[in-house]
Amino acid sequence: MAHPPPPIRGRALRLPESLHRAAVAGHGAQSGIHPIDHALRLRSLWLAYLLAMLFHVDLGLMPLFHGLSPEIAAQVPPARLGLLFWAMLVYFLIPLGALLRIVWAASQPTRPGHWLRWRRTHFWISVVYTLTNIPHLVADILVPDSRADQVALMAVLLLIGVLINREAWAWWREARP
């Protein structure tokens, strides 16, 4: 017969009410209920997303290291490059900020309701990022001189984005009263 795990020292971990009732009734593992750490999954997925974005940029520049031009048919006027660079910086910093906010929220497991607004906002940020990847993937496919590695990375980014959406939804919903 399995024994329930020993109590956690210090602050008690607060499970959502439905999981708490089921865990108490069946002593957790015996009832087959194992709470999922959505915040941990989200941190891992956002790290994977950021790395895939960096790989996408880095692989796009690889021809430079072999004496070739990485330029594709479309061009941005030089006067608008500064705006483009700032937009790309913000696009990279938002997931980084989201990752840090998730870490902060996850470090207070006894106050999930305190972070409810952030969880909702995070879900919608993740949806926006997933939706922005769709036209980027289509553009990478339609560009006449596109590369298969770039298309594959955009497909991976889209898949990771969908997984982030799923976990963000679950993380938001678990904290609702």
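Nothing here was measured: the structure is a model prediction, and the numbers come from that model. (Residues numbered from 1 in each chain as written. Predicted model: local features only at pLDDT ≥ 70, side-chain atom pairs only at ≥ 80, totals over all residues. Heavy atoms only, no water.)

Student: Lay out the pattern of salt bridges in plain terms, naming residues and giving numbers.
Tutor: Counting across every chain of the model gives four salt bridges. In this structure, Arg119 engages Glu174 in a salt bridge whose closest nitrogen and oxygen atoms are separated by 3.4 Å. With Arg119 in helix H4 (residues 116–142) and Glu174 in helix H5 (residues 148–175), the pair connects residues that are 55 residues apart, well separated along the chain. Judged by its relative accessible area of 28%, Glu174 is partly exposed. Between Arg166 and Glu167 there is a salt bridge, and its shortest N-O distance comes to 3.7 Å. Connected via shared salt-bridge partners are Arg41, Arg166 and Glu167. (Salt bridge = Lys/Arg side-chain N within 4 Å of Asp/Glu carboxyl O. Helix = DSSP H or I, 4+ residues; strand = E, 2+ residues; numbered from the N terminus. Buried < 20%, exposed > 50% of the residue type's maximum accessible area, 1.4 Å probe, protein only.)

Student: With reference to specific residues and values, describe the side chain of Arg43.
Tutor: Note on placement: Arg43 falls in helix H2 (residues 38–61). At 4.5 Å, Asp37 is the nearest oppositely charged side chain to Arg43, a buried residue that forms no salt bridge. Arg43 has contacts with Asp37, Leu99, Ile102, Val103 and Ala106, leaving out every residue within four places of it along the chain. (Lys, Arg positive; Asp, Glu negative; His and termini not counted. Contact = heavy atoms within 4.5 Å.)

Student: Now, about the packing of aromatic side chains: what can you tell me, with residues and values included?
Tutor: Inspection of the entire model under this criterion finds eight aromatic pairs. Measuring from ring centre to ring centre gives 4.4 Å for Tyr91 and Tyr129, while their planes differ by 25°; the resulting arrangement is stacked. Placement of the pair is Tyr91 in helix H3 (residues 81–106) and Tyr129 in helix H4, with a sequence separation of 38 residues. Aromatic rings pair up to connect Trp46, Tyr49, Tyr91 and Tyr129 into one cluster. The ring centre of Trp118 lies 5.1 Å from the NZ or CZ of Arg101, which sits over that ring. It is Arg173 that lies over the ring of Trp172; its NZ or CZ is 5.5 Å from the centre. (Phe/Tyr/Trp six-rings, centres within 6.5 Å; stacked < 30°, edge-to-face > 60°. Lys NZ or Arg CZ within 6 Å of the ring centre and 35° of its normal.)

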